[in-house]
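# Structural features, examined
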Amino acid sequence: MQTLYRRLLRLVPRLGVRVTDLAPGAALVSRSAAPYAVVGAGRGTWIVRRTKDGTPGGGDGSAVRLGDSGAVLLMDAAAGRDERGLQLAAAEYLCTRHVAAMLALYGVNCVFDVGANTGQYARRLRGLGYGGRIVSFEPAPETFARLEEAAADDPDWRVYPCALGRENTAAALHTGWKTMNSLLAPSAYGKGRYARFATTDTARIPVRRLDEIMDEALEGLTAPCPYLKMDTQGYDLEVFAGAGERTAEFVGLQSEVAVLRLYEGSPPMSEAIAAYEADGFGITGMYPVTREATTGRVIEFDCVMMRADAAPAA
């Protein structure tokens, strides 16, 4: 005997929509003018692709279950062949998810976003549910204008048009390198890897110490619990030094550390991590940012670190 569900599926196409029966109790309903192809991915999971003619195209997909987490990674055949691209995209996603989890666990209510560019990091945190204050720093004038626009409708997202460093000064920022603008010149390795380093413009920008900005940035928070994110193209340790003794107030930090240095004078990964560990931070996650396509070597990691003694009691 036909169930009511099956009878309804036969009626729905008459309403001008297309129905793809998946399983008992599950169907895909779409406009007839926009057909979709469905590929079974096993155990109650399907991959749905919009197509031109209703045929799958692009090869079958697959579903990869991520341990016992309950999460499923839907893999397109083409994506599966790009191991490097898949790894880097997954690392960026997992890093942001991990940071959001640490902010919640430690009760962070203010994120210092140093090297904010146009606000990509802040927007990702907001998308994952972080509702506390964000204080972003971006020195490149044109980029700062876009950051300011991004933060305009967020009442608890503050922006500063400056760089942070070891001392209050003015410095020449190399610009025209998109997300890789830096106070440091490119290394020989960097020039060999990125064509954008062949030419440069400079802009005179202000550099301030973090410890002199913190009171203003934390104003109005009854029990400040800050986290420090740094992505300054080789200048993170200078930012950290500019926090002075107030580094003790941060319950966690995130720093882009270099295995293969793209900038002259930037510290190697071992030196940077040793400085953070000496201040009481411990690694909770390491995520590749860039990798060489020819050798597979990691160039930079996003290193997430927290103060274990600041974690809430079990």
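Please read all numbers here as calculations on a predicted model, not as lab measurements. (Residues numbered from 1 in each chain as written. Predicted model: local features only at pLDDT ≥ 70, side-chain atom pairs only at ≥ 80, totals over all residues. Heavy atoms only, no water.)

Secondary structure assignment for the protein chain yields 9 helices and 16 strands. Relative to its full complement of 314 residues, the protein chain shows a buried share of 44%. Look at the contacts in the protein chain between residues 6 or more apart in sequence, and 58% of them connect residues 24 or more apart. A total of about 16,500 Å² of accessible surface is found on the protein chain, and carbon and sulfur atoms cover 53% of it. (Helix = DSSP H or I, 4+ residues; strand = E, 2+ residues; numbered from the N terminus. Buried < 20%, exposed > 50% of the residue type's maximum accessible area, 1.4 Å probe, protein only. Contact = heavy atoms within 4.5 Å. Areas by Shrake-Rupley, 256 points an atom, 1.4 Å probe, with all protein chains shown as cover.)

Our focus in this paragraph is the pairing of strand β8 (residues 133-137). Within β8, 5 of the 5 residues are buried, which leaves it mostly tucked inside the rest of the structure. Covered by surrounding structure in β8 are Arg133, Val135 and Phe137 together with Ile134 and Ser136, the residues of both alternating faces. As paired strands, strand β7 (residues 110-114) and β8 are joined by 5 bridges and run parallel to one another. Across the sheet, the residue bridging to Asp113 is Ser136, located in β8. Tracing the backbone out of β7, into helix α4 (residues 120-127) and back to the parallel element β8 gives a crossover that is right-handed. Where β8 lies against strand β9 (residues 157-160), 4 bridges are found, and the strand directions are parallel. Bridge pairing in β9 links Ser136 to Val159. Read as a crossover between parallel neighbours, the route from β8 over helix α5 (residues 141-151) to β9 is right-handed. (Pairing = 2+ DSSP bridges. Right-handed = clockwise from strand over helix to strand, strands pointing away.)

Another aspect to go through is α4. Those residues of α4 not exposed but buried are Tyr121, Ala122 and Leu125. Taken down its axis, α4 places every buried residue within 100° of arc, on the same side. The first or second residue beyond α4 is Gly129, which carries a positive phi of 100°. (Arc of directions from axis to C-beta.)

Another aspect to go through is the sheet that holds strand β10 (residues 163-164). If you walk across this open sheet you meet the 3 strands as β10-β12-β11, and the pairing is mixed. Edge positions in the sheet fall to β10 and β11 (169-175), since each has one partner strand and no second. Note that β11 and strand β12 (residues 201-208) share 7 bridges and pair antiparallel. Residue pairing in the sheet places Thr169 in a bridge with Val207 of β12.

In a pair of packed helices, the angle between the axes and the distance between the axes together describe the arrangement. Relative to each other, helix α3 (residues 83-106) and α4 sit at 65°, their axes nearing to 10 Å. Our pair here, α3 against α4, has a crossing hand that is right-handed. Residues Glu92, Thr96, Val99 and Leu103 of α3 pack against Tyr121, Arg124 and Leu125 of α4. The residue makeup of the contact of α3 with α4, split by class, is 4 nonpolar, 1 polar and 2 charged. (Axes fitted to C-alpha atoms, helices over the stretch in contact; angles between N-to-C directions. Left-handed = near helix turned anticlockwise from the far one by under 90°. Nonpolar A, V, L, I, M, F, W, Y, C, P; charged D, E, K, R; others polar.)

It is worth spelling out the pairing of β12 at this point. Taken together, the 2 bridges between β10 and β12 define a ladder with parallel strand orientation. Bridge pairing links Ala163 to Val207 in β12.

Within the fold, Ser266 resides in the loop between β14 (252-258) and α9 (269-278). Excluding its chain neighbours within four sequence positions, the residues that come into contact with Ser266 are Leu184, Gly234 and Arg261.

This part covers the sheet that holds strand β16 (residues 298-306). The sheet built from 7 strands is open, its strands ordered β9-β8-β7-β13-β14-β16-β15 with mixed pairing. A single partner strand is all that each edge strand has here, and the edge strands are β9 and β15 (282-291). Taken over all neighbouring pairs, the strand axes of this sheet differ in orientation by 15° on average, direction set aside. Sheet analysis places strand β13 (residues 226-230) next to β14, joined by 4 bridges and oriented parallel. From the neighbouring strand, Leu228 faces β14, where its bridge partner is Leu253. With respect to the sheet, α4 is in contact with β7, β8, β9, β13 and β14, its orientation differing from that of β7 by roughly 150°. Contacts between α9 and the sheet are confined to β13, β14, β15 and β16, with β14 contributing the most and set at about 165° to the helix.

Once that is clear, we can look at the nonpolar core. Most often, soluble globular proteins have nonpolar side chains that are buried together. Membership of the largest hydrophobic core comes to 31 residues, with the highest contact counts inside it found for Phe112, Phe137, Leu164, Leu210, Leu228 and Tyr276. For this core, the secondary-structure elements that each account for two or more residues are β7, β8, α7 (214-218), β13, α8 (236-241), β14, α9 and β16. With 4 residues, the single largest contributor to this core is β16. The next biggest cluster of nonpolar side chains, apart from the first, holds 24 residues, and it includes Cys95, Ala116, Cys225 and Tyr227. (Core = buried A, V, L, I, M, F, W, Y, C linked by side-chain atoms within 4.5 Å.)

In this section: a nonpolar patch on the surface. A contiguous nonpolar surface patch, about 220 Å² in accessible area, is contributed by Val64, Leu66 and Leu73. Mapped onto the secondary structure, Val64 falls in strand β5 (residues 62-65). (Patch = residues over 30% accessible without salt bridge, like charges linked within 9 Å, V, L, I, M, F, W, Y side chains within 5 Å. Salt bridge = Lys/Arg side-chain N within 4 Å of Asp/Glu carboxyl O.)

Moving on, we come to the packing of aromatic side chains. Aromatic ring pairs are defined here through the distance separating the ring centres and the angle between the ring planes. Considering all chains together, one arrives at 8 aromatic pairs under this definition. Here the aromatic rings of Phe240 and Tyr276 are separated by 5.0 Å at their centres, their planes lie at 80°, and the arrangement is edge-to-face. Residue Phe240 is found in helix α8, and its partner Tyr276 is found in helix α9; the two are separated by 36 residues along the sequence. The burial state of Phe240 is the same as that of Tyr276; both residues are buried. Pairing Phe240 with Phe281 gives two aromatic rings, centres 6.3 Å apart and planes at 70°, and the pair type is edge-to-face. Of this pair, Phe240 sits in helix α8 while Phe281 sits in the loop between α9 and β15; the two residues are 41 residues apart in sequence, bridging distant segments of the chain. With relative accessibility at 3%, the residue Phe281 sits in the buried group. Taken together, the ring pairs connect Phe112, Phe137, Tyr160 and Phe250 into an aromatic cluster. Positioned above the aromatic ring of Phe281, the side-chain terminus of Arg307 is 4.0 Å from the ring centre. (Phe/Tyr/Trp six-rings, centres within 6.5 Å; stacked < 30°, edge-to-face > 60°. Lys NZ or Arg CZ within 6 Å of the ring centre and 35° of its normal.)

Read these as layout, nothing more, since geometry by itself doesn't imply function.
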